[in-house]
Amino acid sequence: RDHTEDTVYPINQIKHRGANGEYLQLVHYDKGEQYTAHHDFTYPLTRTEGQPERFATLLLYLNQDGLQGGYTAFPRYQNADTRGKLAVRPEVGKAVLFYDVLPDGNMDDFSQHAAEPIEKGEKWLINLWTWDPRR
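These figures come from a predicted structure and were not determined experimentally. (Residues numbered from 1 in each chain as written. Predicted model: local features only at pLDDT ≥ 70, side-chain atom pairs only at ≥ 80, totals over all residues. Heavy atoms only, no water.)

Attention now goes to the overall build of the chain. Secondary structure summary: the chain contains zero helices and 11 strands in total. The secondary structure elements of the chain, listed N-terminal to C-terminal, are β-β-β-β-β-β-β-β-β-β-β. For the chain, the proportion of its 135 residues judged to be buried stands at 39%. Contacts spanning at least 24 positions in sequence make up 75% of the contacts within the chain whose residues lie at least 6 apart. (Helix = DSSP H or I, 4+ residues; strand = E, 2+ residues; numbered from the N terminus. Buried < 20%, exposed > 50% of the residue type's maximum accessible area, 1.4 Å probe, protein only. Contact = heavy atoms within 4.5 Å.)

See the structure below:
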């Protein structure tokens, strides 16, 4: 089944919301759960007046041994040498930082990412969305 909002837990006790980001969120996936490919940026036509633009995403993995599957995948990944999906294995202590917008302020379509299905165990992570410091 697809990941749903009821498995995202805002960590309200950690007052980390400031001028440049959203509250930290504790995210949990059980066996079979996933989050299909998506972007973290907000399309300008759907954004509320005064809503900050998501600038970068930081994922902090909390998993111990035993997790199978659950990779964070970037299906549109490419660089000068490689094209095709980039998949990051969620391991405790590992973090992924990626930008949601380009330096010119346009949305970065290559930031599309997904949480692949959990095959065994549970996946735990914290995410932090930072806002565009220029807006």
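Right, let's talk about the packing of aromatic side chains for a bit. On inspection of all chains with the given rule, the structure shows two aromatic pairs. Note on Phe55 and Tyr99: the rings are 5.5 Å apart at their centroids and 80° apart in plane angle, and the pair reads as edge-to-face. Of this pair, Phe55 sits in strand E4 (residues 54-61) while Tyr99 is found in strand E8 (residues 95-99), placing the two residues 44 residues apart along the sequence. Lying over the aromatic face of Trp129, Arg54 brings its terminal NZ or CZ to 3.5 Å of the ring centre. (Phe/Tyr/Trp six-rings, centres within 6.5 Å; stacked < 30°, edge-to-face > 60°. Lys NZ or Arg CZ within 6 Å of the ring centre and 35° of its normal.)

With that settled, consider the pattern of salt bridges. Inspection of the entire model under this criterion finds five salt bridges. Close ionic contact of Lys85 with Glu116 constitutes a salt bridge, the shortest N to O distance being 2.8 Å. Placement of the pair is Lys85 in the loop between strand E6 (72-74) and strand E7 (86-88) and Glu116 in the loop between strand E9 (113-115) and strand E10 (118-120), with a sequence separation of 31 residues. Overall, the relative accessible area of 21% leaves Glu116 in the partly exposed class. Across the pair Arg89 and Glu91 runs a salt bridge whose closest N-O atoms are separated by 3.5 Å. Connected through shared salt-bridge partners, Arg89, Glu91 and Lys94 make up one network. (Salt bridge = Lys/Arg side-chain N within 4 Å of Asp/Glu carboxyl O.)

With respect to the helices, strands and loops of the structure, His113 is situated in strand E9. A distance of 2.9 Å separates a polar atom in the side chain of His113 from the backbone oxygen of Ser111. Beyond its immediate sequence surroundings of up to four residues, His113 is in contact with Thr36, Ala37, His38, His39, Asp40, Ala73, Phe74, Pro75 and Phe98. (Polar contact = N/O pair within 3.5 Å; in protein donor to acceptor, adjacent residues only side chain to side chain.)

With antiparallel pairing, the four strands of this open sheet are ordered in space as E3-E9-E6-E7. In the strand order of this sheet, the two ends are held by strand E3 (35-38) and E7, each with one partner. Taking each pair of neighbouring strands and ignoring which way they run, the sheet shows an average axis angle of 15°. Note that E6 and E7 share three bridges and pair antiparallel. Bridge pairing in E7 places Phe74 opposite Leu86. (Pairing = 2+ DSSP bridges. Axes fitted to C-alpha atoms, helices over the stretch in contact; angles between N-to-C directions.)

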